[in-house]
Amino acid sequence: MTIKAVRGTRDLLPPETELWNRVEQTAREVFALYSFSEIRTPIFEDTQLFARGVGESTDVVTKEMYTWDDKARAQSEKGQSLTLRPENTAGVMRAYIEHKLWDRPGLQKLYYIGPQFRRERPAKGRFRQFYQIGAEVIGPPSAGSESPARDAEVLEMLVTLLKRFGIKDWTLVINSVGSPSSRPAYNEALQKALSGVVDRMCSDCQRRAVTNPLRVFDCKVPEDQPIIETLPRISGFLNEVDRKHFEEVQNILRATGVPFVINDRLVRGLDYYTRTAFEFTQGSLGAQNAILGGGRYDGLSEALGGPRAPGIGFAIGEDRFVMALAAGQERANFDSAPQAYIAPLGEGMNVPAAKLAQELRAAGVRVELGDESFRLKKSFETAEKLGITKVVIVGESEVASDQFAVKDLQNGEQEKVERRRLADRVHIPQQGADRGAS
Ligand code: HAM
């Protein structure tokens with residue numbers, strides 16, 4: 001029996017991986033423009049981090065985490081419950097606290113790129129191992145971490161990123177989920193409204209109504225939606241400070257030309273959110289149309305035992321981002337097929353061919369190298385199949401004269417090129433993919 005990739009996981013194969021690399025490279029460039037730096041946190045963490053950070057009653061923590069008991073291997077160690085990270089914000093905040101990053105000047109603007117794990121039902125655009133490109137802005141209030149300018153800047157950066165990729169047909173949906181001071185009154189109103197209807201709702205909602213009524217909005221059961229539609233909205237319970245914050249975010253967005261819609265049912269599925277919450281949806285993606293999501297989490301640091309350190313961030317679902325790009329036929333820009341095929345011709349030619357390949361690669365040419373056992377016809381066929389148009393023939397007379405026959409497979413022409421001119425002759429400038437266009 002052959003072994004297959006586990007349900008909900010997949011292999012990313014070339015040439016698609018080129019697209020992934022390009023997405024990540026461009027994201028890094030945009031992050032640099034906004035002075036973000038990279039952080040890499042472990043892929044597994046203490047389970048408590050997510051229980052306390054993401055929230056005990058969220059779907060992510062109750063149903064979707066990959067958790068196991070890690071047994072002690074030495075007397076000096078303790079056994080521990082560990083979890084594959086379902087998201088990266090909690091890990092970044094743990095690192096912020098653990099390394100006292102508040103001691104560093106200004107705000108911590110950190111980005112990450114990597115796999116996350118959730119045991120969800122696999123579907124188009126929904127995986128059990130998926131990838132996120134995310135960023136977080138965290139710091140003491142004295143550094144401006146609470147300012148609505150941060151929320152608006154993060155959103156404007158995301159629009160820049162989407163534009164760079166030519167992703168169209170996106171919608172930015174925003175809401176304010178209020179701060180802890182506006183929550184108790186809202187929770188009470190929700191609980192009251194739910195008390196008359198909850199026995200007609202799904203079992204998850206019955207649990208949520210008791211443990212954390214806000215989570216009722218995460219319900220996907222179609223029969224529950226008309227009931228959820230009638231529940232009070234957070235927008236009616238925002239305090240003055242939260243309302244002002246939300247208005248100022250909107251003012252800056254308007255001034256910087258970032259279009260948005262407000263949806264006061266958007267609460268997001270993770271407990272740490274406060275005030276601004278947002279999602280970008282994208283038209284080509286179908287049911288899983290949230291291409292990225294994020295928001296403010298002003299109390300997360302304290303919930304994890306840290307000092308006051310408000311923050312805001314987001315995570316792009318990279319799998320969905322790549323799907324949206326492919327749907328927009330942006331793919332052509334991301335090809336990086338080899339530019340030259342070196343065909344060693346006859347016994348003893350592997351050595352000079354290897355040296356020539358080394359030289360051309362050092363000059364920035366993407367090279368594929370054949371073998372001296374191939375006949376010329378086979379070399380041409382192989383190059384053609386790989387999408388390479390220039391074949392450099394390395395035979396005895398070429399080596400002796402230091403002039404190489406270069407065959408152009410597109411027009412069938414062949415010419416002799418001096419060794420020192422070879423790199424320029426076979427190099428085809430390609431958008432964004434090589435030395436010619438960085
Ligand atoms: P999230 O909304 O849970 O937020 O995930 C962000 C994005 O990850 C989603 O919009 C979606 O594109 C992608 N995603 C989530 N689950 C899956 C899945 N199973 N398969 C494929 N893609 C998926 C967070 O994770 C927060 N940590 C974001 C954040 C950062 N908030 C503040 N800072």
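### So, the packing of aromatic side chains
Think of a pair of aromatic rings as described by two things: how far the centres are apart, and how the planes are tilted against each other in angle.
Then, in step 1: Within the structure shown, the criterion is met by 11 aromatic pairs.
Then, in step 2: Relative to Phe-280, the ring of Trp-170 has its centre 5.5 Å away and its plane inclined at 50°; by these criteria the two rings are tilted. Here Trp-170 is found in strand β7 (residues 170-176), whereas its partner Phe-280 is found in strand β9 (residues 274-282), with 110 residues between them in sequence. Each member of the pair Trp-170 and Phe-280 is classed as buried.
Then, in step 3: Directly above the ring of Tyr-66 sits Arg-119, whose terminal nitrogen or CZ lies 4.5 Å from the centroid.

### A short note on helix α13 (residues 376-385)
Then, in step 1: For α13, the complete set of buried residues consists of Ser-379, Phe-380 and Ala-383. The arc that holds every buried residue of α13, seen down its axis, measures 100°, which confines them to one face. Away from its buried face by more than 90 degrees, α13 exposes Lys-377, Glu-384 and Lys-385.
Then, in step 2: Tucked into the core, α13 has its buried residues touching β12 (340-344), β14 (390-394) and β15 (403-408).

### Digging into the domain arrangement of the protein
Then, in step 1: Domains assigned within the protein are domain 1 (16-182 + 238-332) and domain 2 (337-434).
Then, in step 2: Relative to domain 2, the C-alpha centre of domain 1 lies at a distance of 46 Å.

### What about the pairing of β7?
Then, in step 1: With respect to burial, β7 is a largely interior element, six of its seven residues being buried.
Then, in step 2: The pairing of β7 with β9 spans seven bridges and is classified as antiparallel. Paired with Thr-171 across the bridge in β9 is Thr-281.
Then, in step 3: Note: β7 against strand β8 (residues 261-262), two bridges, orientation parallel. Directly across from Ile-174, in β8, lies its bridge partner Ile-262.

### So, the environment of Glu-413
Then, in step 1: With respect to the helices and strands, Glu-413 occurs in the loop between β15 and β16 (414-418).
Then, in step 2: Setting aside anything within four residues of it in sequence, one finds Glu-413 in contact with Val-406, Lys-407 and Asp-408.

### Remarks on the nonpolar core
One broad trend across soluble globular proteins is that nonpolar side chains are buried collectively.
Then, in step 1: In this structure, Met-93, Met-201 and Phe-217 are the most contacted members of the largest nonpolar core, which totals 48 residues.
Then, in step 2: Among the secondary structure elements, those contributing two or more residues to this core are α2 (47-53), α3 (59-64), α4 (89-98), β5 (108-117), α6 (183-195), α7 (203-211) and α8 (225-229).
Then, in step 3: With six residues, α4 is the single largest residue contributor to this core.
Then, in step 4: Leaving out residues up to four positions away in the same chain, Met-201 has contacts with Leu-194, Gln-206, Val-216, Asp-224, Ile-227 and Ile-228.
Then, in step 5: With 43 residues, the next largest nonpolar core counts Met-157, Ile-291, Leu-292 and Ile-312 among its residues.

### Description of the sheet that holds strand β2 (residues 44-46)
Then, in step 1: Read across the open sheet, the three strands follow the order β2-β4-β3; overall the sheet is antiparallel. Each edge of the sheet is formed by a strand with only one pairing partner; in this case those strands are β2 and β3 (67-70). The average undirected angle you get between the axes of adjacent strands in this sheet is 35°.
Then, in step 2: Note that β2 and strand β4 (residues 80-84) share three bridges and pair antiparallel. When the bridges of β4 are listed, Asp-46 appears paired with Leu-82.

### Brief notes about the sheet that holds β7
Pairing between the strands of a sheet is mediated by backbone hydrogen bonds and can be parallel or antiparallel.
Then, in step 1: Read from one edge to the other, the open sheet built from eight strands follows the order β1-β5-β6-β11-β10-β9-β7-β8, with strand pairing classed as mixed. Of all strands in the sheet, those bounded by a partner on one side alone are β1 (37-38) and β8.
Then, in step 2: Running over the sheet, α4 touches β5 and β6 (129-138) and is turned about 40° from β6.

### Overview of the site of the ligand
Then, in step 1: Not every one of the 27 residues close to the ligand is listed here, only the nearest: Glu-87, Glu-120, Phe-127, Tyr-273 and Ala-290.
Then, in step 2: Taking Thr-89, its side chain carries an N or O atom lying 2.8 Å from a nitrogen atom of the ligand.
Then, in step 3: Taken by itself the ligand offers 660 Å² of open surface, and the protein chains cover 95% of this.
Then, in step 4: Residue assignment for the shell around the ligand shows that the elements contributing at least two residues are β6, β10 (290-296) and β11 (311-317).
Then, in step 5: Residue composition of the shell around the ligand, by class: 12 nonpolar, eight polar and seven charged.

What counts as what
- Residues numbered from 1 in each chain as written.
- Predicted model: local features only at pLDDT ≥ 70, side-chain atom pairs only at ≥ 80, totals over all residues.
- Heavy atoms only, no water.
- Phe/Tyr/Trp six-rings, centres within 6.5 Å; stacked < 30°, edge-to-face > 60°.
- Helix = DSSP H or I, 4+ residues; strand = E, 2+ residues; numbered from the N terminus.
- Buried < 20%, exposed > 50% of the residue type's maximum accessible area, 1.4 Å probe, protein only.
- Lys NZ or Arg CZ within 6 Å of the ring centre and 35° of its normal.
- Arc of directions from axis to C-beta.
- Contact = heavy atoms within 4.5 Å.
- Domains from an automatic or database assignment.
- Pairing = 2+ DSSP bridges.
- Core = buried A, V, L, I, M, F, W, Y, C linked by side-chain atoms within 4.5 Å.
- Axes fitted to C-alpha atoms, helices over the stretch in contact; angles between N-to-C directions.
- Near = heavy atom within 4 Å.
- Polar contact = N/O pair within 3.5 Å; in protein donor to acceptor, adjacent residues only side chain to side chain.
- Areas by Shrake-Rupley, 256 points an atom, 1.4 Å probe, with all protein chains shown as cover.
- Nonpolar A, V, L, I, M, F, W, Y, C, P; charged D, E, K, R; others polar.

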